[in-house]
Amino acid sequence: MKQPVRVTVTGAAGQIGYALLFRIASGAMLGDDQPVILQLLDITPALDALEGVKMELDDCAFPLLAGVVCTDDPNVGFKDSDYALLVGARPRGPGMERKDLLEANAAIFSVQGKAINDNASKNIKVLVVGNPANTNALITQRNAPDIDPRNFTAMMRLDHNRAKSQLAAKTGKAVSDIKNMTVWGNHSATQYPDLSTAKVAGTPALELVEQDWYENDYIPTVAQRGAAIIKARGASSAASAANAAIDHVRSWALGTEGDDWVSMGVYSDGSYGIAEGLIYSFPCRCKNGDWEIVQGVEISEFSQARMKATEQELTEERDAVSHLLP
Ligand SMILES: NC(=O)c1ccc[n+]([C@@H]2O[C@H](COP(=O)([O-])OP(=O)(O)OC[C@H]3O[C@@H](n4cnc5c(N)ncnc54)[C@H](O)[C@@H]3O)[C@@H](O)[C@H]2O)c1
Ligand SMILES: O=C(O)C[C@H](O)C(=O)O
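Residues numbered from 1 in each chain as written. Chains lettered and ligands numbered in written order. Predicted model: local features only at pLDDT ≥ 70, side-chain atom pairs only at ≥ 80, totals over all residues. Heavy atoms only, no water.

In the nomenclature of an unreviewed UniProt entry, the protein corresponds to Malate dehydrogenase from the organism Dasania phycosphaerae. The Sequence similarities (unreviewed entry) comment attached to the protein in UniProt states, word for word, "Belongs to the LDH/MDH superfamily. MDH type 2 family." Of the protein, the UniProt comment under Function (unreviewed entry) reads exactly: "Catalyzes the reversible oxidation of malate to oxaloacetate." (UniProt positions renumbered as here; feature names shortened; annotations may be inferred.)

Shown next as structure tokens:
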């Protein structure tokens, strides 16, 4: 049996937390031979609810669950942590854009970045889910100067999965037939789900759909899916968000399949002309616990304009939180 790894989940008493923790403890995220110790962080008023979640985790008798810590202290929550899923943050309501949350949520991530820097494993892998996820990931990264910036990522996998599912429905194929999907940029309405890279059972997606549908239906449907769920459910997506978090970390830790790739918000190295240091979603392949940006994707004028627009939004978000970026 492998040694247990420590997985920190913030906002563990919330909606996404409830859909996430049981799957991590079951082995769905890191494999069915990897024991985990869950370090659950939430704010003080949520600690009673968190204790209830711990009771339920105990009652599942998961063979891979080697311990559960509940705390409201970030220094305890991130102690020796190998993985951190930063979920704890306010969700948006109807009529809001995710960047409207910046003011309410940004400070959480500067505190947690410092706590990660001071307490976690130097090899920690961090996934930021709390919105606006890319800019919160940037804040976390910049407050943890002793850790490689490549270890901080933002969740675009929900967008990636939505993009695959909508294309599968349109073409009448299975989701497993869709490969090489790319969603570029920000987890926001400016994101760019790019069908020029995608294949459907080996056929280029753009040969199977009309340009008008692609531009005026597909892109807005994928980009606005979060808002559509809030409208329908009266609360932001939780189970699909938790599922995407599991998928993201699993790909990163255990690798992507064959020639396929996934969309991840990662530290830009300037690839595709995107400003260095932004947390921007690129097509990524993962191997041996590391990711790399897929190079050589052909960028049309249509793509270039959309990739720049979402980069511009990320630049503006970064400038709005400059006081939190050491
Ligand atoms: N990136 C994505 O694709 C994606 C998808 C869905 C939701 N989200 C975002 O995830 C976040 C959480 O969503 P939810 O539905 O679970 O919300 P929720 O309100 O149900 O839960 C949030 C939890 O975070 C806790 N929390 C607040 N401040 C904290 C802090 N400083 N430290 C630790 N915990 C703290 C709250 O007490 C609560 O338990 C929201 O910002 C939401 O917009 C992102
Ligand atoms: O849309 C939201 O605010 C929640 C989440 O980011 C989503 O994409 O479902």
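Colleague: Mind showing me how you'd approach the environment of Cys 284 here?
Modeller: Relative to the assigned elements, Cys 284 resides in strand β13 (residues 279-287). Relative accessible area serves as the criterion here: at 0%, Cys 284 is assigned to the buried category. The sequence separation of Cys 284 and Ser 110 amounts to 174 residues, and the corresponding C-alpha distance is 26 Å. In this structure, Cys 284 is in contact with Thr 256, Trp 261, Val 262, Met 264, Val 266, Trp 291, Glu 292, Ile 293 and Val 294, ignoring residues within four places of it in sequence. (Helix = DSSP H or I, 4+ residues; strand = E, 2+ residues; numbered from the N terminus. Buried < 20%, exposed > 50% of the residue type's maximum accessible area, 1.4 Å probe, protein only. Contact = heavy atoms within 4.5 Å.)

Colleague: Honestly, the site of ligand 2 in this entry has me stumped. Any pointers?
Modeller: Lining the immediate surroundings of ligand 2 are Arg 92, Arg 98, Asn 131, Leu 158, Arg 162, His 187, Gly 226, Ile 230, Ser 236 and Ser 237. Measuring from an oxygen atom of ligand 2, one finds a side-chain N or O atom of Arg 92 at 2.5 Å. Take Arg 98: an N or O atom from its side chain is 2.8 Å from an oxygen atom of ligand 2. Class assignment for the residues of the shell around ligand 2 results in two nonpolar, five polar and three charged. (Near = heavy atom within 4 Å. Polar contact = N/O pair within 3.5 Å; in protein donor to acceptor, adjacent residues only side chain to side chain. Nonpolar A, V, L, I, M, F, W, Y, C, P; charged D, E, K, R; others polar.)

Colleague: Explain the UniProt feature "binding site: substrate" (unreviewed entry) in the protein to me, please; I cannot follow it from the model alone.
Modeller: Per the UniProt record, "binding site: substrate" (unreviewed entry) is found at Arg 92, Arg 98, Asn 131 and Arg 162. Summarising the element assignment, Arg 98 is placed in the loop between β4 (83-86) and α4 (102-119). Leaving out residues up to four positions away in the same chain, Arg 98 has contacts with Arg 92, Asn 131, Pro 132, Arg 162, His 187, Ser 188, Ala 189 and Gly 226. Considering the arrangement of structural elements, one finds Asn 131 in the loop between β5 (125-128) and α5 (133-142). What makes Asn 131 buried here is its relative accessible area of 18%. Not counting chain neighbours up to four residues away, the residues in contact with Asn 131 comprise Ala 89, Arg 98, Leu 101, Asn 105, Asn 136 and His 187.

Colleague: Just to check I follow, could you spell out the site of ligand 1 for this structure?
Modeller: Near ligand 1 you find 25 residues, and of these Gln 15, Asp 42, Arg 90, Val 129 and Asn 131 are the closest. Residue Ile 16 places a main-chain N or O atom 3.0 Å away from an oxygen atom belonging to ligand 1. Within the backbone of Arg 90, an N or O atom sits 2.9 Å from an oxygen atom of ligand 1. Across the complex, the protein chains shield 86% of the 870 Å² of accessible surface that ligand 1 would expose by itself. Residue assignment for the shell around ligand 1 shows that the elements contributing at least two residues are α1 (15-26) and α4. Tallied by class, residues from the shell around ligand 1 come to 13 nonpolar, 10 polar and two charged. (Areas by Shrake-Rupley, 256 points an atom, 1.4 Å probe, with all protein chains shown as cover.)

Colleague: So what exactly am I meant to see when it comes to the side chain of Ser 303 here?
Modeller: Inspection of the secondary structure puts Ser 303 in helix α10 (residues 301-320). Side-chain polar atoms of Ser 303 contact the side chain of Tyr 192, separated by 2.8 Å.

Colleague: Could you clarify how one ought to interpret the sheet that holds strand β10 (residues 199-200) in this entry?
Modeller: Within a sheet, adjacent strands bond to each other through the backbone by hydrogen bonds, running parallel or antiparallel. On the basis of which strands lie adjacent, the open sheet formed by three strands has the order β7-β10-β11 and antiparallel pairing. Each end of this open sheet is capped by a strand with a single partner; those strands are β7 (178-179) and β11 (203-204). Sheet topology places β10 next to β11; two bridges connect them, and they run antiparallel. Directly across from Lys 199, in β11, lies its bridge partner Pro 204. (Pairing = 2+ DSSP bridges.)

Colleague: Got a minute to help me understand helix α8 (residues 225-233) in this structure?
Modeller: Spacing of three or four residues puts side chains on the same side of an α-helix, whose turn is 3.6 residues. Residues of α8 that are buried: Gly 226, Ile 229 and Ile 230. All buried residues of α8 project into a common sector of 100° when viewed along the axis, lining one side. Seen from the open side of α8, the exposed residues pointing more than 90 degrees away from its buried face are Lys 231 and Ala 232. If you follow the buried residues of α8, they end up packed against α6 (157-171). (Arc of directions from axis to C-beta.)

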